[in-house]
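# Fold and geometry: a report
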Amino acid sequence: MGVKAKKSNADAVYSKKAGKTSNPFDTAISQTSKRLNPFDVHVNKEKFKILGRICKHDRGLPGVSRAKALKKRAETIGKQYEVKHKTNKFRDHRIGKHLSGEQLTESVMNARYLAEKLSQVRASNKAQKFNLNDDELLTHRGQTLEEIEKYRDERSDDEELEDEGLDAEFTSAAHFGGGADAPQDRQTAIEEMISEQKRRKIEIAKDKDEVHDLTEKLDANYKDLLSLVAKATKDEQIAKPPPDDYDKLLKEMIFEPRGSVTDKLITPEELAKQEAARLEQLENERLRRMKADDEQPETNVQPHRSADDLDDGYFATGVEDDADDTLAYDLDGNLGTHLNSKKENPKGQSNDKSDEGSDDEADEEDDDEEEEEGSDSDSESEADNLSDLKASDSEPDSESEQTPQPKKTKSKLQKSKVSEAVETSIPYTIKMPKTYEDFAALLAKYTPAQQVTVVERIIKCNHPKLEGVNREDVVKLFGFLLHYIKDMFEDASELDIGSHFKLVSQLMPQLHDLVHLNIDRMSNTLLDLIKEKYAEYRKNHKIYPSLDTLIYFKIVSNLYSTSDFRHPLATPTYIFMQHMLSRARVRTRQDIAMGLFVVTIALEFGSRSKRLLPAIFNFLQGIVHMAIPKRQQERVEIAPPFEQEGPFSKLLAIPATSDTKALQPQKLQPADLVTQTIDVDFKVRALDSTLCLLKQIFKEQMGEHTGACYLAAPFLPLIEQLPMNLYPEHVQEHCAEATTTLKSVAEQKMKPLAPPDKKPKALRLLEPRFEMVYDDKRRPKMSKQKEERAKLLHKIKREKKGAIREIRRDTAFVQDLKLKQQIQSDNERREKVKRIYQEASVQQGELNELARAKKRKKF
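First, a word on what this report is: a plain description of the structure on this page.

The rules behind the values
- Residues numbered from 1 in each chain as written.
- Predicted model: local features only at pLDDT ≥ 70, side-chain atom pairs only at ≥ 80, totals over all residues.
- Heavy atoms only, no water.
- Patch = residues over 30% accessible without salt bridge, like charges linked within 9 Å, V, L, I, M, F, W, Y side chains within 5 Å.
- Areas by Shrake-Rupley, 256 points an atom, 1.4 Å probe, with all protein chains shown as cover.
- Salt bridge = Lys/Arg side-chain N within 4 Å of Asp/Glu carboxyl O.
- Lys, Arg positive; Asp, Glu negative; His and termini not counted.
- Charge placed at Lys NZ, Arg CZ, Asp CG, Glu CD.
- Helix = DSSP H or I, 4+ residues; strand = E, 2+ residues; numbered from the N terminus.
- Buried < 20%, exposed > 50% of the residue type's maximum accessible area, 1.4 Å probe, protein only.
- Axes fitted to C-alpha atoms, helices over the stretch in contact; angles between N-to-C directions.
- Parallel < 35°, antiparallel > 145°, perpendicular 65-115°, else oblique.
- Left-handed = near helix turned anticlockwise from the far one by under 90°.
- Contact = heavy atoms within 4.5 Å.
- Phe/Tyr/Trp six-rings, centres within 6.5 Å; stacked < 30°, edge-to-face > 60°.
- Lys NZ or Arg CZ within 6 Å of the ring centre and 35° of its normal.

### Things to note about a negative patch on the surface
There is a patch of like negative charges on the surface, built from D207, D209, E210, D213, E216 and D219. In this fold, E216 is placed in helix α6 (residues 186–239). Assessed through its relative accessible area of 45%, E216 is described here as partly exposed.

### A closer look at the packing of helix α21 (residues 547–559) against helix α22 (residues 570–583)
Relative to each other, α21 and α22 sit at 140 degrees, their axes nearing to 11 Å. By the angle class used here, α21 and α22 are oblique. α21 and α22 meet at a crossing whose hand is left-handed. Across the interface between the two elements, T549, L550, F553 and V556 from α21 touch A570, T573, F576, M577 and M580 from α22.

### Some thoughts on the packing of aromatic side chains
Under the counting rule described, the total for this entry stands at 13 aromatic pairs. A ring pair is formed by F698 and F715, whose centres lie 6.0 Å apart and whose planes are at 75 degrees; its orientation type is edge-to-face. Here F698 is found in helix α25 (residues 680–701), whereas its partner F715 is found in helix α27 (residues 715–720), with 17 residues between them in sequence. Each of the two residues, F698 as well as F715, counts as buried. Aromatic ring contacts, followed pair by pair, group Y436, F439, F480 and Y484 into a single cluster. One residue, R587, lies across the ring of F648, its end atom 4.7 Å from the ring centre.

### Re the pattern of salt bridges
Considering all chains together, one arrives at 21 salt bridges under this definition. E737 is the salt-bridge partner of K695, the closest N and O atoms lying 2.6 Å from each other. Taken together, the residues span a long stretch of sequence, with K695 in helix α25 and E737 in helix α28 (residues 729–746) at a distance of 42 residues. Given a relative accessible area of 34%, E737 falls into the partly exposed group. The shortest N-O distance in the salt bridge between R852 and E849 comes to 2.7 Å. With R852 and E849 both in helix α29 (residues 784–858), this residue pair falls three residues apart, about one helical turn. R852 sits in the partly exposed class, given a relative accessible area of 41%.

Structure, rendered in structure tokens:
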């Protein structure tokens, strides 16, 4: 049994050896791997093993740590100890010591050299006082000046490289009488010298000509070889593979034209200066043209005309103003003279006025038409330098197209002359009026179309970016414009209300520019006016305010952002309109027109934000309610400020005997805002406008609202009571469309309110809950704050101990340095004493030897 056991053990050993790899280097440890000396490793033992606590300092290397600490102290405290009680420091007093390599110019280097030279002279003044030699070597780019002058050629490039001076042979023969030939006189020698110089010059010129000929020949041969080279390169290109997309794109980028340098961006200040300079130049030209008839009467000279001139291009040559009475045909084919056509009335209104018998309003409209046509003709001509006027001044407004104007037939020459007379009367540079009376008097001189140009030029001439311009002028001008608009609409009548609205629409670009020049000041000015109007309205809130208040609402909607949730100017205006629609009584035609006007502005306010006033729906219901014919005892429910019964409850009701079928579709006119009486035409137009507004509101703005069905439902019973058979066809169509829209919105069902979906409750995890236990046998039970304070105090105490330990080690290191220094000084002193004793002993021995020698001589 023992033999079998030994055999099995041997087999197990051999099998284990066979399982190992045969490569002896697999288990080898590299020599570069860091191996620790087990005697240098210190193991820190813990009293208790705590689960979850990671001990970072269970194994340490005290020797390595001590060496690192000593090295760090030697580099810090050791360096400080070496320079202790020493005052010598290196200070850089060089000139331009903070400059970099590119900033060190030649002047800085020269200043350094002079400063160094002066310091050397002051340091060794006595030694250098009588020294006449300059032993310093001046260098330039690593070479001394002597080496540079040694290889310098002072001659220019045009001079010849050959030495044209006298050679040694000539000098020895002429000056010292040498040479084998017989001596010559001075004249003969000079002539030979001159001939020799000429010969040498001829040879040099000949050599130059040969070099030039060879160069030309070489260039000609190179041109002949170019064709062969080009063919070779072309053959090589043919042999190459076809270019791919990358090569094509690369060639396109190479031959793509480079971007040219454009003009720099113009700042607002520069733009304002250029505009002011342009207006000043135009004003000077206008004054020069205005004085041309009196100062230069002889400038218009009759041009030369040949005897066979047929006057083919008479009118095309631009000599209409020449005093010529030649008989010729004009552009219309009529035979006459130029003087006769010049004497025609440029306005051409006397005959038309007598035929039509128009009133003052027709005269104003004719003047406006002439100004518009004249401005168009001026824009086509290049002779009149009036390019500063905007196109908006000459374009007709949409409101003016609604009113019929009598047509006049005039020639183009007359229109251009009228336009020139109108436009040139406006100066290009206008000073800022000091008072509102001056501003109103200035605008009273011009027509409404010209007043826009005047305001525009005042803004340009008094721009805040210009130098020497008071910044308060634009704020004053904005106040003047608002006051002027208020005065216009306070005394507005049926004849001029349309022109006032047209002027305000044309002034909107100028008001927009003024607001953006100083937004805070302009907004405060307009807000103060609205507050003042609201205070006046609250004194009698049952009456609509005047038209000058409503026009401010339109200005706010055009100049400011009305979609903001809270706007310092638009929000108070919005609330003002809400109070007006919900409180003011509706009893006249003017009240109805003003209410619809305010409703339209309120819809503009909420067009983007989709927020509408509640008073809008109440007011529109009241308009439909007043259009329903009611009996004396019949009452239809309606909310205030509208009345349920009485004469004011059926102001817009049409009698059954009235004929309205022939009425054409029209919108509300500006004259309705200043008219008190109500006629059948206004009743139809008011109801038609209300139906169109209802269709617009519920189709475009209220379609996404949640409670739109509750707002649309009250309108349906009121519209059903309207006698549509008495109204024109277009009103019936609008009523049908509005009814369809209201029914579609009223039938929308609201989604029922539902609580939010609850999130599924998470499963309870079987994880231990750790709680902070503050019970400890060593310390009493404390609260969390006291525990944190105790931890902090313990940490401070530990850091304090560490600091004290480091200070103690630093002190020991310094004491060690002192001890080493003391031992070194003692060793040096001991060596010196030994050397002194040695020298003294040697000296004493020599003295003793001398003494013994003297004694021997005596004996």
